[in-house]
Amino acid sequence: MTSVPAEYGLILAALLFAIGLAGVLARRNIIFILLSIEIMLNAAGLAFISAGSKWGQADGQVMFIFILVMAAAEVSVGLAIVLQLFHRIRTVNSDEANTMRG
Amino acid sequence: MLDYLWLIPALPFAGFIILAVIGARIPRPVAAAIGAGSVGISALVALGIAAAFITAPPHGHVYTQLLWGWISVSGFKPDIALTIDALSLVMVLVIAGVGFMIHLYSTESMAGEKEGYSRFFAYMNLFVGSMLTLVLADNLLLLYFGWEGVGLCSYLLIGFWYKDPANGRAAMKAFIVTRVGDTAMAVGLFIIYHNLGTLQIHEVLVRAAQQWPAGSTLAIAAAALLLGGAVGKSAQLPLQTWLPDAMAGPTPVSALIHAATMVTAGVYLIARTHVLFTLAPQVQLAVAVIGAATLLLAGISALTQWDIKRALAYSTMSQIGYMFLALGVGAWSAAIFHFMVHAFFKALLFLSAGVVIDALHHERDMFKMGGLRLQLPLAFWCFLIGSASLSALPLITAGFYSKDLILWETWTSASGGPWLWAAGLAGALLTSIYAFRMVFLTFYGKPHSEAPRQIANHSGLRIRIPLITLAVLSLIGGFVQLPETLGNLPLFSEFITTALPATVAMSSTSSEGTMQSLSGSVSLFGVFIAYIFFLYNPLYARNFVEKPFGYALHCFLYGGWNFDRLYDALFVRPLVLAARANKRDVIDLLYRLIALLHIVSNHLLSAAQSGLVRRYAFGIAIGAVIIIGMVVLR
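Residues numbered from 1 in each chain as written. Chains lettered and ligands numbered in written order. Predicted model: local features only at pLDDT ≥ 70, side-chain atom pairs only at ≥ 80, totals over all residues.

**Thoughts on the overall build of chain A**
Defined as follows: A helix here means a DSSP run of H or I that spans at least four residues, while a strand means a run of E at least two residues long, and both kinds are numbered starting from the N terminus. C-alpha atoms define the radius of gyration in this analysis, and the globule rule sets the expected value at 2.2 Å times the number of residues to the power 0.38. Residues with at least 20 neighbouring C-beta atoms inside 10 Å of their own are called buried, those with 12 or fewer are called exposed, and the rest are partly exposed, where every C-beta is derived from the backbone. What counts as a contact is two residues whose backbone-derived C-beta atoms lie within 7 Å of each other.
In terms of helices and strands, chain A carries three helices and zero strands. What you see in chain A, going N to C, is helices and strands ordered as α-α-α. Expected size for 102 residues packed as a compact globule is a radius of gyration near 13 Å; at 17 Å, chain A overshoots this value by more than 25%. With the C-alpha coordinates aligned to their principal axes, the bounding extent of chain A is approximately 55 × 25 × 25 Å. Expressed as a percentage of the 102 residues in chain A, the buried residues total 15%. If you take every contact in chain A between residues at least 6 apart in sequence, the share linking residues at least 24 apart comes to 48%.

Okay, structure coming up:
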């Protein structure tokens, strides 16, 4: 069985990360920002798995499990904050939530 | 008994702390009991110590009590230590004793105050405590501590009725003018420590006598700077301007400042450091000349005052001038003797004037009084006795013995002479004129105002006891020092000689008896002049004042020889002008630049806080890229 070279996985991870980052920076809707953060997290996870499979180590997969758990927690907290925000300012546009500006 | 020495200053301080902490929450009688009681017990302890000191004098007639070390920095080691010798003992007895009388009087006379009753006693206790520390201090630094405490309390008490801005100004004036002298004194202490390596008073005097030859520059500098401090505190020329304004405070405060504390501190300082002054004969002569000039200037000014308290203030300046004159000619014990007698009669005069002022509902204008001797007999007799003692009426008053001693020793002393003596004698004439001017204007003649006023005469026991005690002391206080011609019983000067050197006298051709009859008749003549001008025919004085020249002279003298205006033009106005010109402080520009820098960077940084989450994320991303780039491309 011919394995996919690790570089491909890493390049895909980098692309995904860039897409996610672009989404975080470009999107105004907080829901989409959260989605983009998920993409970035998964890109990081993919990078771990690729590296792990290249060196035949389980550590990469262990780290991915951690990332998954962290992402789940983050999403639950993040969505709760989004709900609260929506209650207060009746919008999910992150640029409108700028009462903390200096 | 001598071991209880520390109690003397500690008790008033304890009273101060108690009253300052819980004074507002305790009933008035308790506050009065603490305030007067602490000083009273302190006076009792002082009496006990005096008895022990006289019956069984300690070794060398000096007793030192080391309480604890204060500072110890590379050889500089002043202690909190108290020393008592004959000089301190007399001072302590007078301060605590007369201070207690004034406290007792205040418990009743201040009862009408709506607020600040316990605050008043707290300040008074601190005042007495500071003064006791001053006279008991073993080293000059502790003395300076008491010295400054006295200055602080004078500020607090002169401005006691702080709601009137004029009182606040008078308080500040007293504080600032004495500060000039205090600064000179501090510099003097620096010189002493730098050159002699100690501030312990006895050591200073011993080392100064060993290391500094007579008339050396250092001795002159040290003595002159100490004299500067003494002049400021004792309200002598040229720093005398604060004393008349200090009358803004309550009358017991004036009594305390003038009789027991504060103004006599300068006299004590000079007497205590007498060796320095002996080493600097020029400065000692300056002391005598300052005293003589002040006693004449203040005596003449006292003649023109209409405010009874201001007249008494000028009289204090004049009497302290006598003490300075005595110190200047080396008549140490005479100066201290006059200090003691002066404390008795000046406290008596102020307290009885206080009774009059209270009875007339805070009227202080003598020309609006008159004929009060029938309505206020106690105040009249006390004021009369005080005035008689002040003007040194012969034989029966204490003032006669002390003033006569000063005049006699000025005449005979090696450093005195006819000129200083003549100034003193002229001062004696002025003294009896202004003293009896006060008596005649206040208590004799017809009531000056048209409407007969309600005289509130309800002096209670706590006012009567101090008045009568002080009146008795003003009469008999002089018998502890009888001159050669009258019994020859110099108990006081023999006692003081254990601490201060005896007067260096030169052989004199004239006899003491002639001098005494001369000064006695001068003071009687003064009373006669006062009678002619202010009672027999007041028109003489009034006609003179109504002429243009007389009026100008009156104004000039009333303003205390216009020293205030002179200082205003010389110091205050240039300073205010300079301050105005430099309103935007040049040096401040530098600091303002620093402030500006921070304001600009604050604006920049606060602009970065846009509140936009995406921009923060962008910042984080850029930062991450830069850091990773640096790591990779290194």
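**Considering the overall build of chain B**
Secondary structure summary: chain B contains 26 helices and four strands in total. Oriented by its inertia axes, the alpha-carbon framework of chain B measures out at about 115 × 65 × 55 Å. Per-residue burial for chain B yields a buried fraction of 51% across its 634 residues. Here the contacts in chain B between residues at least 6 apart in sequence split such that 81% fall between residues at least 24 apart.

**A look at the interface of chain B and chain A**
Threshold: Each residue gets one of three labels, nonpolar for Ala, Val, Leu, Ile, Met, Phe, Trp, Tyr, Cys and Pro, charged for Asp, Glu, Lys and Arg, and polar for the others, Gly among them.
Contact residues are listed per partner, giving 11 residues for chain B and 10 residues for chain A. Secondary-structure elements contributing two or more residues to the side of chain B that touches chain A are helix H25 (586-608) and helix H26 (613-633) of chain B. By residue number, the principal contributor to the side of chain B that touches chain A is H26(B), which donates five residues. When the residues that make up the side of chain B that touches chain A are grouped by side-chain class, the tally is six nonpolar, four polar and one charged.

**Some words on the environment of B:Ile71**
By secondary structure assignment, the location of B:Ile71 is in the loop between strand E1 (63-69) and strand E2 (79-84). Residues within four places of B:Ile71 in sequence aside, it is in contact with B:Phe76, B:Lys77 and B:Pro78.

**Considerations on the packing of helix H17 (residues 398-412) of chain B against helix H21 (residues 512-536) of chain B**
Angle between the axes and distance between the axes are the two parameters that describe a pair of packed helices. Residue and element names in this part refer to chain B. Stated precisely, the cut-off is as follows: Geometry is summarised by axes, namely lines fitted to C-alpha atoms with helices restricted to the contacting stretch, and by angles between N-to-C directions that run from 0 to 180 degrees. Oblique is the label for any angle not covered by the other classes, which are roughly parallel (under 35 degrees), roughly antiparallel (over 145) and roughly perpendicular (65 to 115). By definition, turning the near helix anticlockwise from the far helix through less than a right angle yields a left-handed crossing, and turning it clockwise yields a right-handed one.
Orientation of H17 relative to H21, taken along the N-to-C sense of each, is 125 degrees, at an axis distance of 10 Å. The orientation of H17 with respect to H21, classified from their angle, is oblique. When you trace H17 past H21, the crossing you get is right-handed. Where H17 approaches H21, its residues Phe-400, Asp-404, Leu-407, Trp-408 and Trp-411 are matched on the opposing element by Glu-512, Met-515, Gln-516, Ser-519 and Gly-520.

**Side note on helix H4 (residues 117-136) of chain B**
Put simply, the test is: Here the expected span of a helix is defined as 1.5 Å times the quantity of residues minus one.
Here H4(B) contains 20 residues, and its C-alpha end-to-end distance of 29 Å stays within 8% of the 28 Å for a straight helix at 1.5 Å per residue. Burial runs high along H4(B): 19 of the 20 residues are buried.

**Notes on unusual backbone geometry**
Cis rather than trans, the peptide bond between B:Leu237 and B:Pro238 has omega equal to 0 degrees. At A:Arg90, a position not held by glycine, the phi torsion is positive, near 55 degrees. Looking at the element boundaries, A:Arg90 is found in the segment after helix H3 (59-89). Take A:Arg90: there are 8 C-beta atoms within 10 Å of it, and that puts it in the exposed class. Here the phi dihedral of B:Ala392 falls at roughly 60 degrees; this positive angle occurs in a residue that is not glycine. Summarising the element assignment, B:Ala392 is placed in the loop between helix H16 (377-390) and H17. For B:Ala392, a count of 30 C-beta atoms within 10 Å translates into the label buried.

**A look at the nonpolar core**
Applicable threshold: The term nonpolar core refers to a group of buried residues, namely Ala, Val, Leu, Ile, Met, Phe, Trp, Tyr and Cys, whose C-beta atoms join them within 7 Å.
B:Ile95, B:Ala335, B:Ala347 and B:Leu348 are the most contacted members of the largest nonpolar core, which totals 210 residues. Here this core takes 21 residues from helix H15 (residues 332-359) of chain B, the largest share from any one element. When sequence neighbours within four positions are dropped, the list of residues in contact with B:Ala347 reads B:Val98, B:Met101, B:Ile102, B:Ala255, B:Ala259, B:Ala260 and B:Leu470. In terms of nonpolar packing, the next biggest core, distinct from the first, is built from five residues, A:Ala13, A:Ala43, A:Leu46 and A:Phe48 among them.

**Details of the environment of A:Arg101**
Note that A:Arg101 resides in the segment after H3. Look at A:Arg101 and you get exposed, because 12 C-beta atoms sit within 10 Å.

**Side note on the packing of helix H13 (residues 281-302) of chain B against helix H18 (residues 418-443) of chain B**
Residues and elements named next belong to chain B. Where H13 contacts H18, the two axes come as close as 9 Å, and the packing angle between them is 25 degrees. With respect to their mutual orientation, H13 and H18 come out roughly parallel. In terms of crossing hand, the pair formed by H13 and H18 is left-handed. Contacts between H13 and H18 involve Ala-288, Ala-292, Leu-295, Leu-296, Gly-299, Ile-300 and Ala-302 on the former and, on the latter, Leu-420, Ala-423, Gly-424, Ala-426, Gly-427, Leu-430, Thr-431 and Tyr-434. Among the residues making up the contact of H13 with H18, the classes are represented as 11 nonpolar, four polar and no charged.

**Some thoughts on H26(B)**
Look at H26(B): 30 Å from first C-alpha to last across 21 residues, which is about the 30 Å you get at 1.5 Å a residue. Of all the 21 residues making up H26(B), zero are buried; the element is thus mostly uncovered.

**Some remarks on the environment of B:Asp588**
Mapped onto the fold, B:Asp588 is located in helix H25. When the C-alpha atoms of B:Asp588 and B:His194 are compared, they prove to be 35 Å apart, with 394 residues separating the residues in sequence.

**Things to note about the confidence of the model for chain B**
In plain terms, the rule: For every residue, the pLDDT score states the predictor's confidence, bounded by 0 at the bottom and 100 at the top.
Averaged over every residue, the pLDDT of chain B is 83; the share at 70 or more is 96%. Scoring the predicted complex yields pTM 0.77 and, for the interface, ipTM 0.85.

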